[in-house]
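For reference, the chains in residue letters:
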Amino acid sequence: MPDLLKWLSGSIVAQALTTSPTLYLFLNAAHILSIGLLVGAILPLDLRLLGFFRRVPLAVLGPFLSRCAQTGAAFAIPTGIMLFTVRAGEYAGNPAFLAKIGILAVGITNAVLLHTTAPWQRVLAQGSAPASIRLMAALSLVTWIAAVVAGRWIGFV
Amino acid sequence: MGITRPHVVLAGFCASALLATAAAAHHGWSWAEGELSELTGTIQEISFAPPHPSLVVDIDGEVWQVDLGNPNRTQRSGFVQGSAEAGDEVTILGNRSLDENENLIKAVRITIDGKNFDMYPERIEG
């Protein structure tokens, strides 16, 4: 593990980001934009599953917002890994960072379970969610907000 | 249920905001003393890694963390890779942490071998 962290910190990506503050700034912005898309799609979907905005059809909203959130995650994860490399050893020992990773694991597992459990298809068809799906939506809401807070906390430990 | 849900959401947001405010530390200057201090020691480590380039400095046998300017400010001050190396003597002008037990200072200027690197010239008096 320490070897991996050391290797990451010495990698070409880390070197480029350390040499060019502007490159770092753009990567940082890309990470924030990805998180914006991810959380911006997940929160309204969770609220819809919890029973808000009932006028908007879930069959339309569900697949669309899920896809938006997946796209956000697809960009947030690689940009996050690249940002991590610049101070890999330091972040690996940062409690807020470790908390964020734990929270993300819960959030991603929850999202995958939500999609793979059978009721999800029924939810989309019926337009309302059973208690199990509502519970997952509530967990999702709390998890992703907590992930944003933990992420911001990294710089304030 | 219909009534409590928005309250729960709102409470969550408020709690997050409170926690985030309470945690404010290295960013800005609110965590540091208002007046400038001057410390001299020997550089142990130099890191240019964003978001905050920093030095580890041995000052009278104690290990201090010296936060420099943001990466752009540090670069503009002229302090770049090769400007100094471990073992060099450095004088730091900056704002110390309000917590006296914390060996942390945010530099507005560092001086190495008679050369000044001004990270925050507007904060240096006179």
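Note that the coordinates shown come from a computational prediction; the quantities given were computed from them, not determined experimentally.

### Description of the overall build of chain B
Secondary structure assignment for chain B yields 2 helices and 6 strands. Its helices and strands taken in sequence order, chain B reads α-β-β-β-α-β-β-β from the N to the C terminus. Across the 126 residues in chain B, those meeting the buried criterion constitute 25%.

### A word on the overall build of chain A
Along its length, chain A carries 8 helices and 0 strands. In sequence order, chain A lays out its α and β elements as α-α-α-α-α-α-α-α. Principal-axis analysis of the C-alpha atoms places the extent of chain A at approximately 55 × 25 × 25 Å. In chain A, which comprises 157 residues, the share counted as buried stands at 34%. Partitioning the intrachain contacts of chain A with sequence separation of at least 6 by distance along the chain shows that 79% fall at a separation of at least 24.

### A closer look at unusual backbone geometry
With an omega dihedral of 5°, the bond running from P50 of chain B to P51 of chain B counts as a cis peptide bond. By secondary structure assignment, the location of P51 of chain B is in the loop between strand 1 (37–47) and strand 2 (54–59). Even without a glycine there, the phi angle at F53 of chain A is positive, about 45°. Along the chain, F53 of chain A falls in the loop between helix 3 (21–50) and helix 4 (58–85). Residue class for F53 of chain A comes out exposed when judged on the 11 C-beta atoms lying within 10 Å of it. Look at D60 of chain B: it is not a glycine, yet its phi comes out positive at around 50°. Looking at where D60 of chain B falls in the secondary structure, it is placed in the loop between strand 2 and strand 3 (62–67).

### Here we look at the environment of R76 of chain B
With respect to the element layout, R76 of chain B can be found in helix 2 (residues 71–76). Between the C-alpha atoms of R76 of chain B and M119 of chain B, which are 43 residues apart in sequence, the distance is 7.7 Å.

### Description of helix 6 (residues 95–116) of chain A
Helical periodicity: at 3.6 residues per turn, an α-helix aligns residues three or four positions apart in one direction. Residue and element names in this part refer to chain A. Taking 1.5 Å of rise per residue, the 22 residues of helix 6 would be expected to cover 32 Å, and the 32 Å separating its terminal C-alpha atoms lies within 8% of that figure. Residues of helix 6 that are buried include every one of F97, K100, I103, L104, G107, A111 and L114, and no others. The buried residues of helix 6 all sit within an arc of 120° when viewed along its axis, so they share a single face. In helix 6, the exposed residues that point more than 90 degrees away from the buried face are P95, A105, T109, V112 and T116. Elements that come into contact with the buried residues of helix 6 comprise helix 5 (88–92), helix 7 (119–126) and helix 8 (131–153).

### A few points about the confidence of the model for chain A
Averaged over all residues, the pLDDT of chain A is 94; the fraction at 70 or higher stands at 100%. Put simply, helix 7 of chain A is where chain A has its lowest mean pLDDT, 86, and helix 3 of chain A is where it has its highest, 97.

### Here we look at the environment of Q81 of chain B
Along the chain, the position of Q81 of chain B falls in the loop between helix 2 and strand 4 (89–96). It is 15 Å that separates the C-alpha atoms of Q81 of chain B and G69 of chain B, two residues lying 12 residues apart in sequence.

### Observations regarding the packing of helix 3 of chain A against helix 8 of chain A
Residue and element names in this part refer to chain A. Relative to each other, helix 3 and helix 8 sit at 150°, their axes nearing to 9 Å. Between helix 3 and helix 8, the crossing angle belongs to the class labelled roughly antiparallel. The crossing of helix 3 and helix 8 is left-handed. From helix 3, I35, V39, I42, L43, D46, L49 and L50 reach across to helix 8, where they touch I133, R134, A137, A138, S140, L141, W144 and V148. Split by residue class, the contact of helix 3 with helix 8 holds 12 nonpolar, 1 polar and 2 charged.

### A short note on the nonpolar core
In this structure, L38, I42, A137, A146 and A147 of chain A are the most contacted members of the largest nonpolar core, which totals 26 residues. Of all the elements in the fold, those that place two or more residues in this core are helix 3, helix 4, helix 6 and helix 8 of chain A. With 9 residues, helix 8 of chain A is the largest single contributor of residues to this core. Dropping the residues within four chain positions of it, A137 of chain A is found in contact with D46, L49, L50 and A129 of chain A. Listed in part, the 16 residues of the second largest apolar core include L55, L68, A107 and V108 of chain B.

### What about the pairing of strand 4 of chain B?
Pairing of strand 1 of chain B with strand 4 of chain B, which is carried by 6 bridges, proceeds in the antiparallel orientation. Of the residues in strand 4 of chain B, the one forming a bridge with E38 of chain B is L93 of chain B.

Conventions and cut-offs
Residues numbered from 1 in each chain as written. Chains lettered and ligands numbered in written order. Predicted model: local features only at pLDDT ≥ 70, side-chain atom pairs only at ≥ 80, totals over all residues. Helix = DSSP H or I, 4+ residues; strand = E, 2+ residues; numbered from the N terminus. Buried ≥ 20, exposed ≤ 12 C-beta atoms within 10 Å, placed from the backbone. Contact = placed C-beta atoms within 7 Å. Expected span 1.5 Å × (residues − 1). Arc of directions from axis to C-beta. pLDDT = per-residue confidence, 0-100. Axes fitted to C-alpha atoms, helices over the stretch in contact; angles between N-to-C directions. Parallel < 35°, antiparallel > 145°, perpendicular 65-115°, else oblique. Left-handed = near helix turned anticlockwise from the far one by under 90°. Nonpolar A, V, L, I, M, F, W, Y, C, P; charged D, E, K, R; others polar. Core = buried A, V, L, I, M, F, W, Y, C linked by C-beta atoms within 7 Å. Pairing = 2+ DSSP bridges.

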